[in-house]
Number of protein chains: 2
Amino acid sequence: MEDDQLDLVFGALADRTRRAILAGLARADANVADLTAMFTMSQPAISKHLKVLEAAGLVSRTRQGTMRLSHLEAEPLRDATGWLADYRTYWTESYERLDELLDSLDSLD
Amino acid sequence: MEDDQLDLVFGALADRTRRAILAGLARADANVADLTAMFTMSQPAISKHLKVLEAAGLVSRTRQGTMRLSHLEAEPLRDATGWLADYRTYWTESYERLDELLDSLDSLD
DNA sequence: CTTGTCTATAACCAGAAGGTTATGGAGAGT
DNA sequence: ACTCTCCATAACCTTCTGGTTATAGACAAG
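The shown structure was predicted, so the numbers you read here are calculated from the model rather than taken from an experiment.

With that settled, the discussion passes to the protein's contact with DNA strand C. Close to DNA strand C lie 20 residues; Ser42(A), Lys48(A), His49(A), Ala33(B) and Arg68(B) are nearest. Taking all atoms of DNA strand C within 4 Å of the protein, the share assigned to sugar and phosphate is 61%. Contacts to DNA strand C include His49(A), whose side-chain N or O atom sits 2.2 Å from a phosphate oxygen. In the environment of DNA strand C, a phosphate oxygen lies 3.3 Å from a nitrogen or oxygen atom belonging to the backbone of Val32(B). For the surface near DNA strand C, the secondary-structure elements that each account for two or more residues are helix H4 (43–55) of chain A together with helix H3 (32–38), helix H4 (43–55) and strand S2 (67–72) of chain B. Partitioned by chemical class, the residues of the surface near DNA strand C number seven nonpolar, seven polar and six charged.

Written out as structure tokens, the structure is:
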């Protein structure tokens, strides 16, 4: 993965509002009004966050009548995970939580 | 993991210089002068980056005579990976690279 | 104790980030 | 055509960020 792309992805994830937006979109696609209702924040602020997420490739959007539906695109999250995985050999703590993570990853198939 | 902590970790990873510093520290501990030599950047700039990494818990530092050795603390990277793992079910692309990642994670024990 | 090396800190700067309010444009319905 | 809703954009403000240079502090060695 390109450094530029990682900048955008990690940068997008560095804001808790954007992480919360992703969490919301994980449950269901949503329009801007829906997302604005989820936060104590103005609608333009949400639109800006969506633009950041879109630039990072984490969200795609389609017109649906007068609305614009935001959809989670989780692919870059895998790429980011791939980058992080390079450091797994340096995870030095007890393996409890690591096992947990591995279990959850294994449960994929 | 706390939201505050994730802010710091993802924020720290959002800069390519800091990611490169982590990559360097993965190979060996290093002092500020060493790291400064690795980049076309002033020493204070590197010190600032180290401060950010330290705040995120990704680097610890010990005095070694007149030097200060920086040491990689990868634990927060695992926490970040854990957060990202919640989205694994939304990785929609072909499973080739995912399998690769799972293999590498499995090879841990 | 003076000198030299390594690092931190201060002061500064330009630009990016994250928020606001105000406004304008696009579609659907009447 | 009007209107209402949904959303984007512009303009603005404040704070944070990432860099700089200049300087001061800590430690080792003469």
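From this point on, the discussion continues.
Do not read the predicted coordinates in detail wherever pLDDT is low. Residue and element names in this part refer to chain A. Put simply, chain A has an average pLDDT of 87, and 83% of its residues get 70 or more. Across chain A, element-level confidence peaks in H4 with a mean pLDDT of 98 and bottoms out in helix H6 (residues 96–106) with 50. Below pLDDT 50 for its whole length, residues 104–109 participates in nine contacts with residues either more than four positions away or in separate chains.

Before going further, it helps to spend a moment on the packing of helix H2 (residues 16–27) of chain B against H4(B). Residue and element names in this part refer to chain B. Running from N to C, H2 and H4 cross one another at 75 degrees; their axes reach a closest spacing of 10 Å. Here H2 lies roughly perpendicular to H4, going by the angle between them. Facing Thr 17, Arg 18, Ile 21 and Leu 22 of H2, the residues of H4 in contact are His 49, Leu 50, Val 52 and Leu 53. Grouping the constituent residues of the contact of H2 with H4 by class yields five nonpolar, two polar and one charged.

What counts, and at which threshold
- Residues numbered from 1 in each chain as written.
- Chains lettered and ligands numbered in written order.
- Predicted model: local features only at pLDDT ≥ 70, side-chain atom pairs only at ≥ 80, totals over all residues.
- Heavy atoms only, no water.
- Near = heavy atom within 4 Å.
- Polar contact = N/O pair within 3.5 Å; in protein donor to acceptor, adjacent residues only side chain to side chain.
- Helix = DSSP H or I, 4+ residues; strand = E, 2+ residues; numbered from the N terminus.
- Nonpolar A, V, L, I, M, F, W, Y, C, P; charged D, E, K, R; others polar.
- pLDDT = per-residue confidence, 0-100.
- Contact = heavy atoms within 4.5 Å.
- Axes fitted to C-alpha atoms, helices over the stretch in contact; angles between N-to-C directions.
- Parallel < 35°, antiparallel > 145°, perpendicular 65-115°, else oblique.

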